[in-house]
Amino acid sequence: MSVLNIPFRKIDIDKYDEDVLNDEDLYDADPRDPSQVLEEARQRQAAVRSSLAKNNTAEALEIVLENAPYGPNVDEAKEITLSTLLTILNSTKATEITAVIKSLSPDAQDTLMKYIYKGMAMPGWGDISGSVLLGWHEKLTEITGVGSIVRAMTDRRVV
Amino acid sequence: MPPEIFTLAQTPITAHAFNADRQELAVSLNSNEVQLYSRKGQEWIPTETLSEHDKLITSIDWAPNSNRIVTASQDRNAYVWTETPDPETGKLIWKPTLVLLRINRAATHVRWSPLENKFAVASGARTIAVCSFDEESNWWVAKHLKKPIRSTVLSVDWHPNNVLLAAGSADMKARVFSGYIKEVDERPAPSVWGSKLPFNTICGEYSSPAGGWVHTVGFSPSGDVLAFASHDSSITIVYPGGPTVYTVRLPTLPLVTLSWTSEESIVAAGHDCRPLVYAGSEQGWQEVGTLDDASSSKASEGSRSGFGSSGGVGRLKAGAFATFRDADSRGQNTGSVSSDTKLNTIHQNTITSIRPYDIEGGYVARVSTSGVDGTLVIWDTNEVSALTARMGGVRI
């Protein structure tokens, strides 16, 4: 036990490495300004509401998954996008899920997988029933295979 | 012809390489020694053991014309082995020559250049050591490709012009470098990768599509196209002109090794334990099937009823589902059924290396694979069978 508590283990050794590899070196940064990202997230939220009002779930999902915010300094935009997305998932009938997922582009399917895992990682699962996220996860995996889960795990562009 | 299957060991095979006439084989059985085998009919008979490395041997390459073996190891060394007569007995023995790699982390991958006068060693030191022979001092010296590599280099592959080198790295990038060494190389002809090529020129840099380590890279036979597979379950093909980049997403677990079989086809394999075939051209690429025709192996069809239709799910879900279903509805503990752990692929674990075996006029008619299951398989690249119908129930 004592070995684990020795103070030297808490030293940030990367500080002494001239050529340290940082997280942001591992992916291309979002070219958009954080305030612009936030603005876009709000606009999408509104667009999604109107799509949902028309009962067009596929369109709503497409809107919210396009240009999803990632990287540092856009936490608010990420939260808005997640809650918008969870609204869509929650309001979709179980029988429609497969058709909706199939209508998405492969990129959007991979992004959806990231959000499903993000939703499941939240305390209280983002206030929606666990069976909703698990149901979407099951249907999505049937279409994309486990490859999509692998991509959600490896991608550093965390949503 | 059906695949030839050789179970060499119960331990993983970390690397394998054949000699020119394919009658001899060098493997690393997850240890610090190279085991040599000789082919006798349908069997591989162990012959010699090459011991010089202190730690795990990560990669082996056997130069077909000069008949030299190069080995790379986690002990940060590489050795070039030459078959020479023993001064006392006159018997041929393999003699190691140390290579001055000057790296401070493990060597991960090694490949001879096409002319066999150089080899490249990838390493964990964010470096590729391009080694050539120094006649004066009678040893192999290294020049380092360093910039702009930010992490461990996992694989290298030579361009047919003996100068350009592709490298896949854990910083999520595949790159094409110039490995031009003035003392040994003639000035290369201009190609799609560029015309002026001093050492360490970056001729191309490509990111993996969803942030996965680039496990494997390969130039097409002409050298004009680059393919790489990454840990985000995807394979990417690059035509450097535009550049035009095609990414094929896999429904399955990631690929870790690939081999071009012609200018329009690639065989790749990895954690899904079966070699997949990709075909395409500058107009696009797609998966066309697998070399592992699972229906010919000992698979029992009945136990995966109801899963065939969902295509592309991969083995994880079906296997786990069957376990829980049996435990729940039938009170069966499938853990006690021995067939449950048997995959219906030929390789029973991850395939870590795939190499051209039989080349006929620029076209690879057969490839060899080895993997964590200690098995070596030689496949006919024409025996491609469709994949979709079987994806749902890979595990029985």
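Residues numbered from 1 in each chain as written. Chains lettered and ligands numbered in written order. Predicted model: local features only at pLDDT ≥ 70, side-chain atom pairs only at ≥ 80, totals over all residues. Heavy atoms only, no water.

- Looking up chain B in an unreviewed UniProt entry gives the name Actin-related protein 2/3 complex subunit, with the organism given as Leucocoprinus leucothites.
- Under the UniProt heading Function (unreviewed entry), the note attached to chain B is "Functions as component of the Arp2/3 complex which is involved in regulation of actin polymerization and together with an activating nucleation-promoting factor (NPF) mediates the formation of branched actin networks." (UniProt positions renumbered as here; feature names shortened; annotations may be inferred.)

- Where an unreviewed UniProt entry is consulted, chain A appears under the name Actin-related protein 2/3 complex subunit 5, with the organism given as Leucocoprinus leucothites.
- Of the comments in the UniProt record for chain A, the one headed Subcellular location (unreviewed entry) reads "Cytoplasm, Cytoskeleton".
- Under the heading Sequence similarities (unreviewed entry), UniProt records this for chain A: "Belongs to the ARPC5 family."

**Quick word on the packing of aromatic side chains**
Residues and elements named next belong to chain B.
Here is step 1: Inspection of every chain in the model, using the stated rule, returns 13 aromatic pairs over all chains.
Here is step 2: Ring centres of Phe-133 and Trp-140 lie 5.2 Å apart, and the angle between their planes is 65 degrees; on these two criteria the pair is classed as edge-to-face.
Here is step 3: Assessed through its relative accessible area of 28%, Phe-133 is described here as partly exposed.
Here is step 4: Judged by its relative accessible area of 3%, Trp-140 is buried.
Here is step 5: Ring plane angle 80 degrees and centroid distance 6.3 Å describe the contact between Tyr-239 and Tyr-246, whose orientation is recorded as edge-to-face.
Here is step 6: The exposure class of Tyr-239 is buried, given its relative accessible area of 9%.
Here is step 7: Take Tyr-246: its relative accessible area is 21%, and that puts it in the partly exposed class.
Here is step 8: What links up through ring pairs into an aromatic cluster is the set Phe-6, Phe-18, Trp-44 and Tyr-357.
Here is step 9: Above the face of the Tyr-357 ring, Arg-22 is positioned so that its terminal group lies 5.6 Å from the ring centre.
Here is step 10: If you follow Lys-143 out to its NZ or CZ, it ends over the ring of Phe-199, 4.4 Å from the centre. (Phe/Tyr/Trp six-rings, centres within 6.5 Å; stacked < 30°, edge-to-face > 60°. Buried < 20%, exposed > 50% of the residue type's maximum accessible area, 1.4 Å probe, protein only. Lys NZ or Arg CZ within 6 Å of the ring centre and 35° of its normal.)

**Quick notes on the UniProt feature "repeat: WD" (unreviewed entry) in chain B**
Here is step 1: Per the UniProt record, the feature "repeat: WD" (unreviewed entry) sits at residues 50–81 of chain B.
Here is step 2: With 0% helix and 56% strand, residues 50–81 of chain B has its two end C-alpha atoms placed 9 Å apart. (Helix = DSSP H or I, 4+ residues; strand = E, 2+ residues; numbered from the N terminus.)

**Notes on the sheet that holds strand S8 (residues 78–85) of chain B**
Residues and elements named next belong to chain B.
Here is step 1: Ordered in space as S6-S7-S8-S9-S13-S12-S11-S10, the 8 strands form an open sheet in which the pairing is mixed. Lying at the two open borders of the sheet, with one neighbouring strand each, are strand S6 (57–62) and strand S10 (107–112). Direction aside, the axes of adjacent strands within the sheet are offset by 30 degrees on average.
Here is step 2: Across 7 bridges, strand S12 (residues 128–134) lies against strand S13 (residues 139–145) in antiparallel orientation. (Pairing = 2+ DSSP bridges. Axes fitted to C-alpha atoms, helices over the stretch in contact; angles between N-to-C directions.)

**Remarks on the interface of chain B and chain A**
Here is step 1: Across the contact, 25 residues belong to chain B and 22 residues belong to chain A.
Here is step 2: Buried surface at the junction of chain B and chain A, both sides included, amounts to about 1,800 Å², of which 49% is carbon and sulfur.
Here is step 3: Summed over the shared surface of chain B and chain A, the number is 3 salt bridges.
Here is step 4: A salt bridge links A:Asp110 to B:Arg249; the nearest nitrogen and oxygen atoms lie 2.4 Å apart.
Here is step 5: Applying the counting criterion to the chain B and chain A interface returns 11 residue pairs in polar contact (both at pLDDT 80 or more). (Contact = heavy atoms within 4.5 Å. Buried area = accessible area lost by both parts, 1.4 Å probe. Salt bridge = Lys/Arg side-chain N within 4 Å of Asp/Glu carboxyl O. Polar contact = N/O pair within 3.5 Å; in protein donor to acceptor, adjacent residues only side chain to side chain.)

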